[in-house]
Amino acid sequence: MSHAYDGQGLPVPDNLVAHSTRSMATSWAALRGVAMAEIRAAASWSTPCTFARFYRVNVAAPAPLGGLPYCQLLGTEVASWSPPFLATLMPQRYFVLSTRDTLNSKSAQGLVGLRNLGNTCFMNSILQCLSNTHSLRDYCLHNSHRRDLNNNSRTNTALMEEFAKLIQTMWTSSSSEAVSPSEFKTQIQRYAPRFEGFNQQDAQEFLRFLLDGLHNEVNRVTVRPRGTMEDFDHLPDEEKGKKMWSKYLESEDSKIVDLFVGQLKSSLTCSHCGFCSTVFDPFWDLSLPIAKKGYGEVSLMDFMRLFTEEDVLDGDEKPTCDRCKARRRCTKKFTVQKFPKILVLHLKRSSEARNTRRQKTMFVNFPMEDLDLREFASENSINAVYNLYAVSNHSGTTMGGHYTAYCRNPNSGEWYTFNDSRVTPMSSSQVRSSDAYVLFYELASSSQM
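As a starting point, this report considers the structure included with it. (Residues numbered from 1 in each chain as written. Predicted model: local features only at pLDDT ≥ 70, side-chain atom pairs only at ≥ 80, totals over all residues. Heavy atoms only, no water.)

Quick look at the overall build of the chain now. When helices and strands are counted, the chain shows twelve helices and 19 strands. Of the contacts formed within the chain by residues at least 6 apart in sequence, a portion of 69% connects residues at least 24 apart. Total accessible area computed for the chain in this model is approximately 21100 Å², and 47% of it derives from carbon and sulfur atoms. (Helix = DSSP H or I, 4+ residues; strand = E, 2+ residues; numbered from the N terminus. Contact = heavy atoms within 4.5 Å. Areas by Shrake-Rupley, 256 points an atom, 1.4 Å probe, with all protein chains shown as cover.)

This is the structure we're talking about:
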């Protein structure tokens, strides 16, 4: 079936309600050449809609796709449009209201489950978290990934193509039935054979392999430069960090890096002469050690403080001091040099701990909004305040157990539970639980300014 496209390259859904400020809505239906769910005058519309998208039809513009009209997006997707808003659209000759809730189209909101193919709940959980990653979702829905794939002229593009196709199906399918990720699974196990078969896998490890695979296929760098040794040690730390980041981007530069990759600073201080050497490394997520043993509650900030606290290297662990030219007792400390737009925090559980009751009963108190990580920044940074939008949960032990996901819909702001093929609304007060395993945070808009 042919589709009209909006000004952002996003297909206009078939199941929309068309409105016109004049008596020419039937012309729009004829131009589209597809059946409308409903055609009526704007003035007669009086039912509030919890989710809508408005388009203006540019009938005079050349038809870019099979004779279908081009649309201009009038309003961004927001949680609620009410009838009074239509008064502001009256000067427009045509407009189309693409409505989700009034047509009971759960799938158009991305509220679609994924079939369990046999112990693939770990995969489904991560896929739902990524599906609700607003910028990554739009990268797939707008087919922006194809531009990167074409520019690279790569032969290995199947993983990114299948991932994007799956995201598009989850957000634009007219059916609310659960989607089978079997074609995607075929591609991820080709890229990473460890995911072949139907054994239970670790969700965080799956995420790392998946992001790495997607990045490699849409990497803007087609020919990586030869490795050259450059000495930045004479530079101040802030400038050295920027140089190291620029050098990283010379080889690894993609939309995936834009979103998920940050930079860590590791400082090694000699206790004998006081010399401090620094190393800067990219990170895709932070694996945070358990803050304390025993039962009860710990906070996410406890995890972060343990991750960044000074560690004494002594005895067999003594490193060689660059100034002393001898092995010395040193202290090592991590700080965050560059915070990513999407911060993934892995609440690290050892195999031994996860087989005990302790792991199941440990409650980690993590903020839903305004997670302020500025105290862990290397330099004075204002870009370090985050809001939670997804959680991958694990219950049980490493030998069994089950993965689910809690995700905040990027359009409505409402939270939902994704349990394989089942999708149910939930209260935000239920998001924090002892099963939280991988947390997805988005940099607050005020921090990105």
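Right, let's get into the packing of aromatic side chains. Inspection of every chain in the model, using the stated rule, returns eleven aromatic pairs. When the centroid spacing of 6.3 Å and the interplanar angle of 50° are considered together, the rings of Phe-339 and Tyr-386 count as tilted. Here the residue Phe-339 occupies a position in the loop between β11 (330-338) and β12 (342-347), and Tyr-386 occupies one in strand β15 (residues 385-395), the gap between them amounting to 47 residues. Taking the centre distance of 6.2 Å and the plane angle of 50° together, the rings of Tyr-403 and Tyr-437 count as tilted. (Phe/Tyr/Trp six-rings, centres within 6.5 Å; stacked < 30°, edge-to-face > 60°.)

Among the eight residues that make up helix α3 (residues 134-141), six are buried, leaving the element largely enclosed by the rest of the structure. Among all positions in α3, only Leu-136, Arg-137, Asp-138, Tyr-139, Cys-140 and Leu-141 are buried. At the exit of α3 stands Asn-143, carrying a positive phi of roughly 60°. (Buried < 20%, exposed > 50% of the residue type's maximum accessible area, 1.4 Å probe, protein only.)

Enumeration over the complete set of coordinates arrives at ten salt bridges. The shortest N-O distance in the salt bridge between Asp-237 and Lys-265 comes to 3.0 Å. Taken as a pair, Asp-237 in helix α8 (residues 237-249) and Lys-265 in strand β6 (residues 262-270) lie far apart in primary sequence, 28 residues in all. Owing to a relative accessible area of 27%, Asp-237 belongs among the partly exposed residues under this scheme. A salt bridge links Arg-305 to Glu-375; the nearest nitrogen and oxygen atoms lie 3.2 Å apart. Taken together, the residues span a long stretch of sequence, with Arg-305 in helix α10 (residues 300-308) and Glu-375 in the loop between β14 (371-372) and β15 at a distance of 70 residues. By relative accessible area, Arg-305 is classed as partly exposed at 38%. Overlapping salt bridges bring together Arg-220, Asp-253 and Asp-258 as one network. (Salt bridge = Lys/Arg side-chain N within 4 Å of Asp/Glu carboxyl O.)

Strand direction decides the pairing type here: β6 and strand β7 (residues 276-283), joined by eight bridges, are antiparallel. Looking at the pairing, Thr-269 lines up with Cys-276 of β7. Connecting β6 to the next strand, β7, in antiparallel fashion are five residues, including Gly-274 with a positive phi near 85°. (Pairing = 2+ DSSP bridges.)

Read across the open sheet, the four strands follow the order β7-β6-β11-β10; overall the sheet is antiparallel. Because the sheet does not close on itself, it has two edges, and the strands there are β7 and β10 (311-313). For this sheet the average axis-to-axis angle between neighbouring strands, irrespective of direction, equals 30°. Sitting on the sheet, α8 is in contact with β6, β7 and β11, with an inclination near 35° to β7. (Axes fitted to C-alpha atoms, helices over the stretch in contact; angles between N-to-C directions.)

Another point: the state of the cysteines. With the rule as written, the count across this model stands at zero disulfides. Cysteine Cys-270 remains unbridged, with the sulfur of Cys-321 as its closest cysteine sulfur at 3.8 Å. A disulfide-free cysteine, Cys-407 has its sulfur positioned 4.3 Å from the sulfur of Cys-129, the nearest such atom. (Disulfide = S-S within 2.5 Å.)

So, on to a negative patch on the surface. Side chains of Glu-309, Glu-310, Asp-311, Asp-316 and Glu-317 sit close together on the surface and give a patch of like negative charge. As for its position among the elements, Asp-311 is in strand β10. What makes Asp-311 partly exposed here is its relative accessible area of 43%. (Patch = residues over 30% accessible without salt bridge, like charges linked within 9 Å, V, L, I, M, F, W, Y side chains within 5 Å. Lys, Arg positive; Asp, Glu negative; His and termini not counted. Charge placed at Lys NZ, Arg CZ, Asp CG, Glu CD.)

Take the nonpolar core next. The biggest cluster of nonpolar side chains holds 56 residues, and the ones touching the most others in it are Leu-130, Phe-163, Phe-184, Leu-210, Phe-260 and Phe-440. The biggest single contributor to this core is helix α5 (residues 158-172), with eight residues. Core analysis: the next-biggest nonpolar cluster, separate from the first, contains 35 residues, Phe-303, Leu-347, Leu-388 and Ala-436 among them. (Core = buried A, V, L, I, M, F, W, Y, C linked by side-chain atoms within 4.5 Å.)

Its location among the elements puts Arg-374 in the loop between β14 and β15. A sequence separation of eleven residues divides Arg-374 from Val-385, and the C-alpha atoms of the two residues are 7.4 Å apart. A distance of 2.5 Å separates the side chain of Arg-374 from the side chain of Asp-372, its partner in a polar contact. (Polar contact = N/O pair within 3.5 Å; in protein donor to acceptor, adjacent residues only side chain to side chain.)

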